[in-house]
There are 2 protein chains.
Amino acid sequence: MGRTVTRSGKRTTIVDIARQAEVSISTVSRVLNGRPVADEVLATRVRKAATELGYRPNMVARDFRRGVTSTIGVVVPDLANPFFPHVLKGLAEEVSAGDHRLLVVDSGEDADQELQLVAQLAGSCDGIILCSPRMSQSSLATLPALGVPIVCTNRSVGDLPFGTVGIDSAAGMRQAIAHLAELGHRHIGYLGGPGTSLSDGLRREGLSTAASELGVKVSSTEAGSTSDDGHAKLPELLDQGVTAVIAFNDLVAIGALARLRELEMDVPSQLSVVGFDDIPVAAFLGPPLTTVSLPKEELGRRAWAGLHQQLETGQVPQEELLPASLVVRHSTAAPAD
Amino acid sequence: MGRTVTRSGKRTTIVDIARQAEVSISTVSRVLNGRPVADEVLATRVRKAATELGYRPNMVARDFRRGVTSTIGVVVPDLANPFFPHVLKGLAEEVSAGDHRLLVVDSGEDADQELQLVAQLAGSCDGIILCSPRMSQSSLATLPALGVPIVCTNRSVGDLPFGTVGIDSAAGMRQAIAHLAELGHRHIGYLGGPGTSLSDGLRREGLSTAASELGVKVSSTEAGSTSDDGHAKLPELLDQGVTAVIAFNDLVAIGALARLRELEMDVPSQLSVVGFDDIPVAAFLGPPLTTVSLPKEELGRRAWAGLHQQLETGQVPQEELLPASLVVRHSTAAPAD
DNA sequence: CTGAAAGCGCTTACAG
DNA sequence: CTGAAAGCGCTTACAG
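Just so it is clear, the model here is predicted, and its values are computed rather than measured.

*Asks:* Explanation requested: the overall build of chain A in the structure shown.
*Replies:* Of the regular secondary structure elements, chain A holds 12 helices and 12 strands. What you see for chain A is a C-alpha radius of gyration of 27 Å, clearly larger than the 20 Å of a compact globule of 337 residues, by over 25%. A principal-axis box enclosing the C-alpha atoms of chain A has dimensions of 90 × 40 × 30 Å. Looking at chain A as a whole, 52% of its 337 residues qualify as buried. A separation of at least 24 residues holds for 67% of the contacts in chain A among residues at least 6 apart in sequence. Placing the 30 positive and 39 negative side-chain charges of chain A at their respective mean positions leaves the two points 13 Å apart.

What follows is the structure in structure tokens.
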């Protein structure tokens, strides 16, 4: 192939193509970017040369020149938390359809690291999606200075200029209480999540509002977010004489179910149990779990929609709240008495 | 602040800093990169100016100039599959410790898209980690031409110049069979995974080898990877008279457990069940699931180690196989008779 | 030691 | 229409 004139050693660039096709680099660039080129002969020569030389564009150079990165940064507190992968999935679908890429980082549930990561990402992303940020409000307030559009999920941001999209878990909680109240329960226990969790706060609010409206008594305890936590803290609620329990999430509910099995208490005849999340296994538990379904993938999709809009129009989108919905299965029934 | 001389409208660059600090851009660059600067007075002026102007380096420009991206691409078949987030987590920890970033893409279990994604990523990443690639061997063979170091997980790549790290699931399967054989089971069923899954192939191999060594009979069926699949296909195995069942993964095992509950068959007295993965809920099922634990996070860590080594030394690392280990809980016991 | 200059690979006004 | 040239923001040989 004596005709192949590549600068030895280096990766092929448009200069090499221009040389081989005997045109200018401007023409090469135009052809390769599908811009109108009059002379089809030239275009063909360019495409041929590009193929022959195995040309692959240097995306970094292109991004640099264009001043955009086509990359969206995503910060999640913990990839191993089954909530986030689904959000990411919804996000990933939309983002790649919009010709962007996702740069995912895990903050390890650490607020300080989260802040640093956002600052870093800001340098190499067109926009950032902050999933359930753990950082303080005052840390959040420093973010607009980064000059990058930011959308937060599951977090109210006050009057900060961020798009937000959340799930109306208070409403989900209300549905759960209403369901239980209708079955005849008058004293309900809440196996709460970690104190730092904002969604836990929202759920507690929904819980107390709905409970007082419906005239049911509530006892609650701070459990956590794992099955271990549910397993450990359930007895505390049992001691208080509740006839039904709502868990912070399905994992916690599963821990509670395990404890009840050990205690040889039947669900739902001796105690009703409600979860939160509707994870894939929820329908296959013994008994199949009544739980509040959270639109996680939709959350991801809406987050991108908000960011995309801001990128295009410069307008910070409206706050958005997605509905949660109760899925009634077989872990709830009328109380024993 | 009359002293602040920024070119209006544009983001601050080192040129602005140089002007304000009255030094050359070379000096600015050196100071900001922590390279030795003799005159501490100059350095201080630079740092002061950088802070005053709110300078944030343009990472894209820096990467472009340096010819590296500090970004590692990761392709996963499905983020919602509970296996991968843990791999990612292990990966993310190591990668960020090594001052790189993770660009995560989801191929949607689609082999063609997977191939395209890799080609795209190659343009903007220093290296790529291909998790459980679904693409054909011949597609894999086209990847070396991309000129980017690649490490594959859970996939043998023949003599392709890729690092690989996998989990010895055949050995895990052998342990499961041995455990069951020791309990007295002579006829075992396998609720297999999707036909396209390489790990399923590996497990079937381990299964048949170990079974013939230990003199146990095996009946197997192709189920899939979800609880629904396990729930649907279990009866097929029951009809063949097995006394124990091994599932492709814990999700499938959970589906089988649900079916057995419906059938009012007790586990383990009437049927033993073994899973694969040891997902967090496995210990909290009814009964707690005996399962093969897979070192997912370690898989991620080793994948990065391999890629890192290749990036540093140019040497393709050895093939690596991580051990799986059986966790015996309460879903297995001696057969009824 | 510091500064002036070149150049990374592109894209895109601007001439011709 | 195509081509020559400028320039994106950095880093880094190279002079002085």
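*Asks:* For this particular structure, what's the right way to read the packing of helix 4 (residues 59-66) of chain A against helix 4 (residues 59-66) of chain B?
*Replies:* Each pair of packed helices can be described by the angle between their axes along with the distance between the axes. Helix 4 of chain B packs onto helix 4 of chain A with a crossing angle of 140 degrees between their chain directions and a minimal axis gap of 9 Å. Looking at the two axes, helix 4 of chain A sits oblique to helix 4 of chain B. In the crossing of helix 4 of chain A with helix 4 of chain B, the sense of the turn from one axis to the other is left-handed. For the pair helix 4 of chain A and helix 4 of chain B, the contacting residues are Val 60, Ala 61, Asp 63 and Phe 64 of chain A in the first and Val 60, Ala 61, Asp 63 and Phe 64 of chain B in the second. Its residues assigned to classes, the contact of helix 4 of chain A with helix 4 of chain B comprises 6 nonpolar, no polar and 2 charged.

*Asks:* Explain the sheet that holds strand 9 (residues 272-277) of chain A to me, please; I cannot follow it from the model alone.
*Replies:* Pairing between the strands of a sheet is mediated by backbone hydrogen bonds and can be parallel or antiparallel. Residues and elements named next belong to chain A. Reading across the sheet, the 6 strands line up as 7-6-8-9-10-12 and stay open at both edges, with mixed pairing between neighbours. Edge positions in the sheet fall to strand 7 (217-222) and strand 12 (325-327), since each of these pairs with one other strand and no more. On average, each strand axis in the sheet is inclined to that of its neighbour by 20 degrees, with strand direction left out of account. Looking at chain direction, strand 6 (residues 187-192) and strand 8 (residues 244-247) are connected through 4 bridges and run parallel. Across the sheet, residue Gly 189 finds its bridge partner in strand 8, namely Val 245. In this fold helix 9 (residues 198-214) packs onto strand 6, strand 7 and strand 9, with an angle of close to 175 degrees to the strand it touches most, strand 6. Strands strand 6, strand 8, strand 9 and strand 10 (290-293) of the sheet are contacted by helix 11 (residues 250-262), whose axis makes an angle of about 155 degrees with strand 9.

*Asks:* What exactly am I supposed to notice about the interface of chain A and chain B here?
*Replies:* Interfaces are often sized by the amount of accessible area the parts lose when they come together. Contacts between chain A and chain B engage 38 residues on the former and 39 residues on the latter. Summing both sides of the interface, chain A and chain B together bury roughly 3,400 Å²; the carbon and sulfur share of this comes to 69%. The largest share of the area that chain A buries against chain B comes from Val 60, Phe 64 and Phe 284 of chain A, three residues that together contribute 19% of it. Across the chain A-chain B interface, the total number found is 4 salt bridges. Measuring nitrogen to oxygen at the nearest pair gives 2.9 Å for the salt bridge that ties Asp 106 of chain A to Lys 89 of chain B.

*Asks:* I would appreciate a short explanation of the relation of the copies chain A and chain B in the present structure.
*Replies:* Note: a rotation about an axis with an accompanying shift along it relates these two copies of the chain. The transformation that overlays chain A on chain B combines an axial shift of 0.0 Å with a rotation of 180 degrees, and the residual RMSD is 0.1 Å. Viewed as a symmetry operation, the transformation between the two copies matches a two-fold axis. In terms of C-alpha distance to the rotation axis, chain A has Leu 103 of chain A as its closest residue, with the C-alpha 2.2 Å off the axis. Comparing interface residues between copies, 100% of those in chain A also sit at the interface in chain B, which points to an isologous, same-surface contact.

*Asks:* Explanation requested: the domain arrangement of chain A in the structure shown.
*Replies:* By the assigned domains, chain A splits into domain 1 (14-57), domain 2 (69-168 + 296-323) and domain 3 (169-294). Relative to domain 2 of chain A, the C-alpha centre of domain 1 of chain A lies at a distance of 39 Å.

*Asks:* Honestly, the sheet that holds strand 10 (residues 290-293) of chain B in this entry has me stumped. Any pointers?
*Replies:* Residue and element names in this part refer to chain B. With mixed pairing, 6 strands are arranged side by side in an open sheet as 7-6-8-9-10-12. At either end of the open sheet lies a strand with only one pairing partner, and these are strand 7 (217-222) and strand 12 (325-327). Each strand of the sheet is rotated relative to its neighbour by a mean of 20 degrees, with strand direction disregarded. Pairing analysis gives 6 bridges linking strand 6 (residues 187-192) to strand 7, with the strands arranged parallel. Its bridge partner being in strand 7, Gly 192 is matched across the sheet by Glu 222.

*Asks:* Which parts of the structure should I look at to understand the packing of aromatic side chains?
*Replies:* To describe a pair of aromatic rings, one takes the distance between the centres and the angle between the planes. Tallied over the entire structure, the rule returns 3 aromatic pairs over all chains. With a centroid separation of 5.5 Å and an interplanar angle of 85 degrees, the aromatic rings of Phe 83 of chain A and Phe 84 of chain A are classed as edge-to-face. Residue Phe 83 of chain A is classed as buried on the basis of its relative accessible area of 11%. Over the face of the ring belonging to Phe 276 of chain B we find Arg 203 of chain B, whose NZ or CZ atom lies 4.2 Å from the ring centre.

*Asks:* How should the pattern of salt bridges be read in this particular structure?
*Replies:* Side chains carrying opposite charge are able to pair once their charged atoms draw close together. All names here are of chain B. Within this structure, the stated rule accounts for 22 salt bridges over all chains. Across the pair Arg 101 and Asp 63 runs a salt bridge whose closest N-O atoms are separated by 3.6 Å. Taken together, the positions of Arg 101 in strand 2 (residues 101-106) and Asp 63 in helix 4 put the pair 38 residues apart, joining distant regions of the chain. The two residues Arg 101 and Asp 63 agree in class, both being buried. Ionic pairing is found between Glu 93 and Arg 301, a salt bridge with its closest N-O pair at 3.9 Å. In this pair, Glu 93 is assigned in helix 5 (residues 83-97) and Arg 301 in helix 12 (residues 296-313), connecting sequence segments 208 residues apart. By relative accessible area, Arg 301 is classed as partly exposed at 25%.

*Asks:* Which parts of the structure should I look at to understand the side chain of Ser 107 of chain A?
*Replies:* Position of Ser 107 of chain A among the secondary structure elements: in the loop between strand 2 (101-106) and helix 6 (111-122). Sequence-distant contacts of Ser 107 of chain A, defined by excluding residues within four places in its chain, comprise Val 75, Val 76, Pro 77, Gln 113, Glu 114 and Leu 117 of chain A.

*Asks:* Looking at this structure, how should I read the confidence of the model for chain A?
*Replies:* Close reading of the predicted structure is inappropriate where its pLDDT is low. Scored by pLDDT, chain A has a mean of 91; 97% of the residues are at 70 or more. Within the model, the stretch residues 1-8 of chain A combines pLDDT values under 50 with 14 contacts to residues more than four positions away or in other chains.

Parameters and conventions
For every chain, the first residue of its written sequence is number 1, and the numbers climb from 1 along that sequence. As they are written, the chains are lettered A onward and the ligands numbered 1 onward, keeping that order. Two thresholds apply to this predicted model, a pLDDT of at least 70 for residue-level local features and 80 or more for giving and counting side-chain atom pairs, whereas whole-chain, interface and lining totals are computed over all residues. Here the side-chain values reflect all heavy atoms present in the structure, with hydrogen atoms and water set aside. Only DSSP runs of H or I reaching four residues or more are called helices, and only runs of E reaching two or more are called strands; each is numbered from the N terminus. Radius of gyration means the value over C-alpha atoms here, while the globule rule gives 2.2 Å times the residue count to the 0.38 power. Exposed residues in this analysis have more than 50% of their type's maximum accessible area, buried residues have under 20%, and partly exposed residues fall in between, with area computed by a 1.4 Å probe over protein chains only. We call two residues contacting when some pair of their heavy atoms lies within 4.5 Å. Counting rule for charge: Lys and Arg are taken as positive, Asp and Glu as negative, and neither His nor the chain ends is counted. Where a charge lies is defined by one atom per residue type: Lys uses NZ, Arg uses CZ, Asp uses CG and Glu uses CD. Orientation is described by axes fitted as lines to C-alpha atoms, over the contacting stretch for helices, and by angles from 0 to 180 degrees between their N-to-C directions. What sets the label is the angle itself: under 35 degrees gives roughly parallel, over 145 gives roughly antiparallel, 65 to 115 gives roughly perpendicular, and the rest give oblique. Two helices that cross are described as forming a left-handed crossing if the nearer one is turned anticlockwise from the farther one by less than a right angle, and a right-handed crossing if clockwise. Here the term charged refers only to Asp, Glu, Lys and Arg, the term nonpolar to Ala, Val, Leu, Ile, Met, Phe, Trp, Tyr, Cys and Pro, and the term polar to all other amino acids, Gly among them. What makes two strands pair is DSSP finding at least two bridges between them. A quick way to say it: buried area is the sum, across both parts, of accessible area lost when two parts are put together, with a 1.4 Å probe. When a carboxyl oxygen of Asp or Glu lies within 4 Å of a side-chain nitrogen of Lys or Arg, that pair is called a salt bridge. Fitting of the copies onto one another was done by least squares over C-alpha atoms, counting residues only where both copies have pLDDT of at least 70. Note that the domain bounds reflect an automated or database-derived domain assignment. Stacked, tilted and edge-to-face are the three classes applied to pairs of Phe, Tyr and Trp rings, where Trp contributes its six-membered ring and a pair requires centres within 6.5 Å; stacked means planes under 30 degrees apart, edge-to-face means over 60, and tilted covers the rest. Charge over a ring is defined by NZ of Lys or CZ of Arg lying within 6 Å of the ring centre and within 35 degrees of the ring normal. On a range of 0 to 100, pLDDT expresses the predictor's confidence in each residue.

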